[in-house]
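Next come the chains, spelled out residue by residue.
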Amino acid sequence: MYIKEFNDWMFFNNLIYKIYTTEDEREMRRAFIEQLSMVLDFDAADFHLGSDDGTFKMVNCVSFNCNGADMAKYDELDYSRGLLYSGKCLVYRETDIVSDDVRLKSEYYQRVYLKNQWNYAMQMIFARNKRFLGVLTLYRAIGKENFSHNDVMILDMLKDHMAFRLYSEYEKRCRRCEFNIKEFCEEYALTNREAVVLEHILNGEENAEISEKLVISVHTLKKHILNIYRKTNVKNRIQLLHKVGWK
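Asks: Run through unusual backbone geometry, naming residues and quoting values.
Replies: For glutamine 117, which is not a glycine, the phi torsion comes out positive at approximately 60°. With a phi angle near 65°, lysine 130 is a residue other than glycine that sits in the positive phi range. When you line up the elements, lysine 130 lands in the loop between strand S4 (118-128) and strand S5 (131-141). Owing to a relative accessible area of 76%, lysine 130 belongs among the exposed residues under this scheme.

Asks: Lay out the environment of isoleucine 216 with the relevant residues and their values.
Replies: Among the structural elements, isoleucine 216 can be located in the loop between helix H11 (207-214) and helix H12 (218-232). Ignoring sequence-local partners within four residues, the contact set of isoleucine 216 consists of Arg193, Ser211, Leu221 and His224.

Asks: Tell me about the layout of surface pockets, and please be specific about residues and values.
Replies: There is about 790 Å³ of room inside the largest pocket. Of all elements in the fold, only helix H1 (2-21), helix H2 (25-36), helix H8 (159-178), helix H10 (192-202) and helix H13 (237-244) reach the threshold of two or more residues within the lining of the largest pocket. Per-element tally for the lining of the largest pocket: the top contributor is H8, with six residues. The residue makeup of the lining of the largest pocket, split by class, is seven nonpolar, five polar and 13 charged.

Parameters at a glance
Residues numbered from 1 in each chain as written. Predicted model: local features only at pLDDT ≥ 70, side-chain atom pairs only at ≥ 80, totals over all residues. Heavy atoms only, no water. Helix = DSSP H or I, 4+ residues; strand = E, 2+ residues; numbered from the N terminus. Buried < 20%, exposed > 50% of the residue type's maximum accessible area, 1.4 Å probe, protein only. Contact = heavy atoms within 4.5 Å. 1 Å grid on protein atoms, 1.4 Å probe; cavity = no way out; pocket = protein on both sides within 12 Å on 5 of 7 lines; lining within 4 Å. Points joined across faces, edges and corners; volume = space filled by probe spheres on them. Nonpolar A, V, L, I, M, F, W, Y, C, P; charged D, E, K, R; others polar.

Functional significance is not addressed by these values, which are geometric in nature.
Written as structure tokens, this is what we have:
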């Protein structure tokens, strides 16, 4: 029993670590679903982000064994819409908020669930500072039992960690929208080519990827980057990101 509990602790510790340290946010969500499949039984999943413009839309889906775009299309039919946009972190089974008499007869169930041979669902809603950040939905196929209270508890332990990461990503996107690369380049007298290189750096791309996209050698790229560092009085990428305010 002790070994089982210790292994469980190690698993969740590793999962939480990956939430915070996986650099690419989309890859982080994909890995999160894959890791969850090791401890929870589900047949499909989709993980949508909330729209940054505050219009209560689901965007940028990562899916597992389902068509996430199809789910966003039927968002307006979802009887859990009020909970999605409540501004609170929540974990619940669909059967906790609506009776089977209503659920099984709903247009949402008929057009989405039956189409995919699903019967039960469990959702994690992510929010911080009253902002809807995203939702992860796990589905179980027809013929299987409903998600258990223990399944809900597992997700409940993780929801605030994921919400914190998603909010951090949201803040980064907001800073990028506010950042005027043209003004920055004019202030530090960057050339047009250096401005293009800077934009790729700010997108988080590595040297090999940038050189391939710009069709230049890595050696030439490094010269451009060193010129950017010299003109902006920084020594590395981290200092450059701080310089433009992307901490």
